[in-house]
Amino acid sequence: MPDGERTYRRVLLKLSGEALMGEGDFGIDPSVMERLAKEIAGLSAAGYELALVIGGGNIFRGAGLAGGGMDRVTGDHMGMLATVINSLAMADALRKAGVDARVLSSLDMDQVCEPYAVYRALEHLDKGRVVILSAGTGNPFFTTDSAASLRAIEIKADLLIKATKVNGVYSADPMKDDSAVFYSRISYDKALADKLGVMDATALILCRDHDLPLRVMNINDEGALARLLDGNDIGTLVSTGEQA
């Protein structure tokens, strides 16, 4: 699609940590990381300004650790560090794919990556670099979904994409309920009212109140990211408009 016809130019992609596991049950699958890096590299080369937020659930989940008796704040800090590990791995894969990628962290760790600041992220985006925003918001009790919504608003993204293992939003878990209805479009208010689990409530409210469109899609569908940004109707669009 020619530049002048693009609906979106600056995009924040939220990847779950689990998306990096492939068929495994822990850690990072190098083949999955390589495929994702090549897809992101292609979009960057096409002129899209890309930011990423990657979860840490393939390594640690703070809430899960807290459920096992660990202090919640400690567990959440461990979860934030897990997102930094994933972000460093993605940055390395992107560089190997020919992309200038920078990791910015909400926690200070200057020997590993740059500290997050809005102006710094914007400078990198303006120079055509892919920025990977790690360590959540830097605060416990906030999910990486909330971090993705917040960062997307801060960098003035045109679209937030949540890449998951399902192809969009359903009325119920399609893996457990054969009668689950797929929504190609849905409003933020309905997603919140029906507790559909698209993202946590804080993340959804941030997007709704700042009129930021959210697209939920299956990251395992190879090439779907490019098709989506080329104007194809992929996954579910969540917006402030009326449900279609």
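Parameters at a glance
Each chain has its residues counted from 1, running along the sequence as written. Totals for whole chains, interfaces and linings use every residue, but because this is a predicted model, local features are given only for residues with pLDDT of at least 70 and side-chain atom pairs only at 80 or more, for both listing and counting. Side-chain measures here rest on the full set of heavy atoms in the structure, leaving out hydrogens and waters. Any Phe, Tyr or Trp ring, taking Trp's six-membered ring, that has another such ring centre within 6.5 Å forms a pair; planes under 30 degrees apart are called stacked, those over 60 apart edge-to-face, and the others tilted. Look at NZ for Lys and CZ for Arg. If either is within 6 Å of the ring centre and within 35 degrees of the ring normal, a charge sits over the ring. Two strands qualify as a pair provided that DSSP identifies no fewer than 2 bridges between them. Secondary structure elements are defined from DSSP: runs of H or I of at least 4 residues count as helices, runs of E of at least 2 residues count as strands, and each element is numbered from the N terminus. Between two residues, a contact is recorded if the distance between any of their heavy atoms is within 4.5 Å. To define axes, lines are fitted to C-alpha atoms, for helices over the stretch in contact only, and angles between the resulting N-to-C directions are given on a 0 to 180 degree scale. Per-residue accessibility, obtained with a 1.4 Å probe over protein chains only, is compared with the maximum for each type, and a residue is labelled buried under 20%, exposed over 50%, and partly exposed between these values. Definition used for salt bridges: Asp or Glu carboxyl oxygen within 4 Å of a side-chain nitrogen of Lys or Arg.

**A short note on the packing of aromatic side chains**
If you walk through the whole model with that rule in mind, you get 1 aromatic pair. Over the ring of tyrosine 116 we find arginine 151, and its NZ or CZ is 3.9 Å from the ring centre.

**A word on the sheet that holds strand β3 (residues 101-105)**
Here we have 9 strands laid out as an open sheet, ordered β4-β3-β5-β2-β1-β6-β10-β11-β9, and mixed in their pairing. Each edge of the open sheet is held by one strand with a lone partner, namely β4 (114-115) and β9 (185-187). Here β3 pairs with strand β5 (residues 130-134) via 5 bridges, running parallel. Note on β5: the bridge partner recorded for alanine 101 is valine 130. Running over the sheet, helix α1 (residues 30-45) touches β1 (10-15), β2 (49-54) and β5 and is turned about 155° from β2.

**Concerning the pairing of β3**
Judged by how many residues are buried, β3 sits mostly within the fold: 4 of 5 residues are covered. Two strands pair when backbone bridges link them, and β3 and β4 are joined in this way by 2 bridges, in the parallel orientation. By the bridge assignment for β4, leucine 104 is matched with glutamate 114.

**Details of the pattern of salt bridges**
Counting across every chain of the model gives 19 salt bridges. Among the ionic pairs, arginine 10 bridges to glutamate 49, the shortest N-O distance being 2.7 Å. You can see arginine 10 sitting in strand β1 and its partner glutamate 49 sitting in strand β2, a full 39 residues away along the chain. No difference in accessibility class separates arginine 10 from glutamate 49, as the two residues are buried. Two residues, aspartate 126 and arginine 10, come together in a salt bridge whose shortest N-O distance is 3.3 Å. With aspartate 126 in helix α4 (residues 118-126) and arginine 10 in strand β1, this residue pair connects regions lying 116 residues apart in the sequence. Judged by its relative accessible area of 57%, aspartate 126 falls in the exposed class.

**Here's the deal with the side chain of serine 44**
Mapped onto the secondary structure, serine 44 falls in helix α1. According to the relative accessible area criterion, serine 44 is buried, its value standing at 16%. In this structure, serine 44 is in contact with Leu50, Val99, Gly128 and Val130, ignoring residues within four places of it in sequence.

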